[in-house]
Amino acid sequence: MIRLYDTRQHKKVDFTPLHEGEVRMYVCGPTVYNRIHIGNARTFISFDMIRRYLEWAGYEVTFVQNVTDVDDKIINRAAEEGRTAAEVAAEYTEAFIQDMHAAGVADPTIRPKATEEIPAMIELVQSLVDKGHAYVVDGDVYFSVRSDPRYGTLSGRNVDEMESGHRELRADGQGLEDRKQDPLDFALWKAAKPGEPAWDSPWGQGRPGWHIECSAMSHKYLGLPFDIHGGGQDLVFPHHENERAQSECGCGTAFANHWMHSGMLQVNAEKMSKSLGNFLLLHEVLEGARPEALRMLMLQTHYRSPLDFSPARLEEADAALTRVENALSAADWACQNAVDGAPDALDGEALRARAQTCRGAFAAAMDDDFNAPAALGGIFTLVGEVNTALADNTLSVMDAEAVACATDAIRELLAVLGIALAEDAGTADYPEEVVTLAADVAGYGGADAMEAVEALLEARALARSEKDWARADAVRDGLTGLGFAIEDTPQGAKVTYER
Ligand code: AMP
Ligand code: ZN
């Protein structure tokens, strides 16, 4: 049984999907006025991990994530740059999708754009007006917070003690405060200002308020109620409280069955901000780091806890990943070179059992509110056991099967967390120079680094058999010069590459 921490209930609860075997989830997407930063990435990676685990656990997951492509920030940026808001939004939507792919985040099942869903939003606003939960003032429409007796139940706030969290500007820059019946009310629809994106509506030309898009899209694509609504903790109030109020009042049904929020990312223990100079865009970080290392760093902290990012922690995560890759490539090599007839030196049964235990422990950790740090801990323990199994042992065929059982589990479970390691772990990073070396020294004519290493080893073996020591040494020196280590074993030369 999966248990998750539900923000509304302030506790971990059993997760039972509303439709058997299916999970319908909605995670608020970005406002596309800039490249996304690593704080945004933390939230998106957290929910990608949650989704992948739900799929591994056997659920069919429908994952909806919107793109907010009309908003004050987009309009302001467009004005500064002398472009249209649509141009700015199109550029950063494309960049967002690229950034997500680069980070290994799976595409949502549906990625609706606010500007393409205006009719659904107008319909919902109209229904709120019809039911007396919203009112129109000169082309603006406001939600009447006090008309919703449940307002505040998600974020745990009492309406009477609430300060106005909604200091919004009208599209023409005027304050809204004097137009609202109550300072707590918030805009569902904003009357148009000349030159800004605008759509026809029953209240005149205008554009939607921010919160209404998520209510309209989740209703349209998931149906109400749906299982899980997610986002970063900063969205609990007012955004999610307002989404909930709009949807429940407008549609007359419950909205999200569970609310999940990921913790905020900080950089060097400080809030990330442009003025502190610690503002890191995801694509900049990924220019100097592997996406798997970034994900390893992120998942080493529980998704609900604050996460402290630093370049040093990223390097540590990369080193941890390299240790796993080295263990896997050593194991693969030892399995490929297992010796028929060699004695079974390992307790193969025990190692197979450990691989199975590791899968069980992984599921138990992840079932407990997606505890990825604990899940990773279990995987690292199994990696250590593989290393122990390999030490000083020539593997028999039986031993090799047991080792492969363990490495299969390690690869599978890391992939569930979104950390995909190549089958030939460790070879993906071979330096390109090895191809030139193989061409010069071994007459290799291809362009594949792994084949080049094999050609070099064959050339060395041939030189040694012909007692051409100078040539054999030249090959070895060439390889070590590029960072390879060569070890001669009874099964032949074994090469490792230290990144
Ligand atoms: P925005 O484009 O600002 O609406 O943010 C998109 C997503 O990123 C939302 O789910 C936010 O909660 C989340 N987010 C923004 N800043 C951070 C941060 N520093 N750490 C974690 N998540 C964040
Ligand atoms: Zn939203």
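Just so it is clear, the model here is predicted, and its values are computed rather than measured.

Student: Explanation requested: the overall build of the protein chain in the structure shown.
Tutor: Helix and strand content of the protein chain: 15 helices and 15 strands. For the protein chain, the spread of C-alpha atoms along the principal axes amounts to about 95 × 50 × 35 Å. In the protein chain, which comprises 499 residues, the share counted as buried stands at 53%. The long-range fraction of contacts in the protein chain, counting pairs at least 24 apart against all pairs at least 6 apart in sequence, stands at 72%. When the accessible surface of the protein chain is totalled, it reaches about 21,300 Å², and 49% of it is carbon and sulfur. The distance from the centre of the 45 positive side-chain charges to the centre of the 81 negative ones in the protein chain is 5 Å.

Student: Quick question: what am I supposed to make of the sheet that holds strand β12 (residues 270-271) here?
Tutor: Note on sheets: strands pair through backbone hydrogen bonds, and any given pair is parallel or antiparallel. Taking strand neighbours across the sheet as the criterion, the 3 strands line up as β12-β11-β13 in an open arrangement whose pairing is mixed. The two strands at the open ends of the sheet, each matched to only one other strand, are β12 and β13 (307-309).

Student: How should I be thinking about the packing of helix α2 (residues 72-81) against helix α3 (residues 85-102) in this particular structure?
Tutor: If you want to describe how two helices pack, look at the angle between their axes and the distance between the axes. Between α2 and α3, whose axes approach to 8 Å, the crossing angle comes to 110 degrees. By the criterion of interaxial angle, the relationship of α2 to α3 is roughly perpendicular. Contacts between α2 and α3 involve Ile 74, Ile 75, Arg 77, Ala 78 and Glu 81 from the former and Ala 85, Val 88, Ala 89 and Tyr 92 from the latter. Across the contact of α2 with α3, the residue classes tally to 7 nonpolar, no polar and 2 charged.

Student: Explain the site of ligand 1 here, please?
Tutor: Around ligand 1 sit 15 residues in total, of which Gly 39, Thr 43, Gly 232, Asp 234 and Leu 265 are the nearest. Between a nitrogen atom of ligand 1 and a main-chain N or O atom of Gly 39, the distance comes to 3.0 Å. The backbone of Gly 232 places a nitrogen or oxygen atom 3.1 Å from an oxygen atom of ligand 1. Relative to its unbound accessible surface of 490 Å², ligand 1 loses 87% to contact with the protein.

Student: Explain the pattern of salt bridges here, please?
Tutor: One pass over the structure, following the stated rule, counts 34 salt bridges. Linking Glu 248 and Arg 244 is a salt bridge whose minimum nitrogen-to-oxygen distance equals 2.7 Å. Of this pair, Glu 248 and Arg 244 both sit in helix α6 (residues 236-251), 4 residues apart, which is roughly one turn of the helix. On the basis of relative accessibility, which here comes to 15%, the residue Glu 248 falls in the buried class. The partner of Asp 318 in a salt bridge is Arg 290, with the nearest N and O atoms 3.0 Å apart. On the criterion of sequence distance, the pair formed by Asp 318 in helix α9 (residues 311-336) and Arg 290 in the loop between α7 (282-287) and α8 (291-299) is long-range, its members being 28 residues apart. A residue is classified by how much of its surface remains accessible, and Arg 290, at 12% relative accessible area, is buried. Shared partners join several salt bridges into a network, and the residues in it are Asp 148, Arg 150, Glu 241, Arg 244 and Glu 248.

Student: Please clarify how the coordination of the zinc ion (ligand 2) should be interpreted in this entry.
Tutor: Looking at the metal site, the zinc ion (ligand 2) is ligated by Cys 28 (SG), Cys 214 (SG), His 239 (NE2) and Glu 243 (OE), spaced 2.0 to 2.3 Å from it. Because the angles between the 4 donor atoms bound to the zinc ion (ligand 2) fall within 76 to 129 degrees, the donor set is best described as irregular. Under the relative-accessibility criterion, Cys 28 is labelled buried at 6%.

Student: Even after reading the chapter, I still don't get the sheet that holds strand β8 (residues 206-208), so can you show me in this structure?
Tutor: The strand order across the open sheet built from 4 strands is β5-β6-β7-β8, with neighbouring strands paired in antiparallel fashion. Each end of this open sheet is capped by a strand with a single partner; those strands are β5 (134-137) and β8. With direction set aside, neighbouring strand axes in the sheet form an average angle of 20 degrees. The pairing of strand β6 (residues 140-143) with strand β7 (residues 186-191) spans 3 bridges and is antiparallel. Looking across to β7, one finds that Phe 143 is bridged to Phe 186.

Student: What's the story with the domain arrangement of the protein chain in this structure? I'm lost.
Tutor: Frequently, the measure chosen for interface size is the accessible area removed from exposure when the parts meet. Here the protein chain is described as being made up of domain 1 (3-287), domain 2 (319-424) and domain 3 (433-497). Measuring from the centre of the C-alpha atoms in domain 2 to the corresponding centre in domain 3 gives 29 Å. In this assembly, 7 residues from domain 2 lie in contact with 7 residues from domain 3. At the boundary of domain 2 with domain 3, total buried surface from both sides reaches about 540 Å², with 58% on carbon and sulfur atoms. Counting the contacts that link domain 2 with domain 3 gives 0 salt bridges.

Student: Where do I start with empty space enclosed by the protein in this structure?
Tutor: On inspection of all chains with the given rule, the structure shows 3 cavities of 30 Å³ or more. The computed volume of the largest cavity comes to approximately 80 Å³. Along the walls of the largest cavity sit 13 residues, with Phe 44, Phe 63, Gln 65, Val 105 and Ala 106 positioned nearest its centre. It is helix α1 (residues 38-56) that provides the largest number of residues to the lining of the largest cavity, a total of 4 residues. Here the residues of the lining of the largest cavity sort into 8 nonpolar, 1 polar and 4 charged.

Student: Is there a simple way to explain the nonpolar core in this structure?
Tutor: Soluble globular proteins tend to pack their nonpolar side chains together in the buried interior. Counting residues in each nonpolar core, the largest one holds 82 residues, and the members touching the most others are Leu 54, Phe 309 and Phe 370. Of the domains in this structure, domain 1 (3-287) and domain 2 (319-424) are the two that each give at least three residues to this core. Among all residues touching Leu 54, those that are not within four sequence positions of it are Ile 2, Phe 15, Val 23, Met 25, Tyr 59, Val 61, Ile 228 and Phe 370. The next biggest cluster of nonpolar side chains, apart from the first, holds 39 residues, and it includes Tyr 26, Ile 118, Leu 124 and Phe 143.

Student: When you look at the pairing of strand β14 (residues 484-489) in this model, what are you seeing that I'm missing?
Tutor: Strand residues, when the strand is regular, have side chains that alternate between the two faces of the sheet. In terms of strand pairing, β14 meets strand β15 (residues 492-497) through 6 bridges, oriented antiparallel. Looking at β15, one finds that Glu 487 is bridged to Lys 494. Where β14 folds back on β15, the antiparallel hairpin that results is connected by 2 residues.

What counts and how
Residues numbered from 1 in each chain as written. Chains lettered and ligands numbered in written order. Predicted model: local features only at pLDDT ≥ 70, side-chain atom pairs only at ≥ 80, totals over all residues. Heavy atoms only, no water. Helix = DSSP H or I, 4+ residues; strand = E, 2+ residues; numbered from the N terminus. Buried < 20%, exposed > 50% of the residue type's maximum accessible area, 1.4 Å probe, protein only. Contact = heavy atoms within 4.5 Å. Areas by Shrake-Rupley, 256 points an atom, 1.4 Å probe, with all protein chains shown as cover. Lys, Arg positive; Asp, Glu negative; His and termini not counted. Charge placed at Lys NZ, Arg CZ, Asp CG, Glu CD. Pairing = 2+ DSSP bridges. Axes fitted to C-alpha atoms, helices over the stretch in contact; angles between N-to-C directions. Parallel < 35°, antiparallel > 145°, perpendicular 65-115°, else oblique. Nonpolar A, V, L, I, M, F, W, Y, C, P; charged D, E, K, R; others polar. Near = heavy atom within 4 Å. Polar contact = N/O pair within 3.5 Å; in protein donor to acceptor, adjacent residues only side chain to side chain. Salt bridge = Lys/Arg side-chain N within 4 Å of Asp/Glu carboxyl O. Donors = N, O, S within 2.8 Å, 3.2 Å for Na, K, Ca; no water. Tetrahedral: all angles 85-135°; square planar, octahedral: opposite > 155°, others 65-115°. Domains from an automatic or database assignment. Buried area = accessible area lost by both parts, 1.4 Å probe. 1 Å grid on protein atoms, 1.4 Å probe; cavity = no way out; pocket = protein on both sides within 12 Å on 5 of 7 lines; lining within 4 Å. Points joined across faces, edges and corners; volume = space filled by probe spheres on them. Core = buried A, V, L, I, M, F, W, Y, C linked by side-chain atoms within 4.5 Å.

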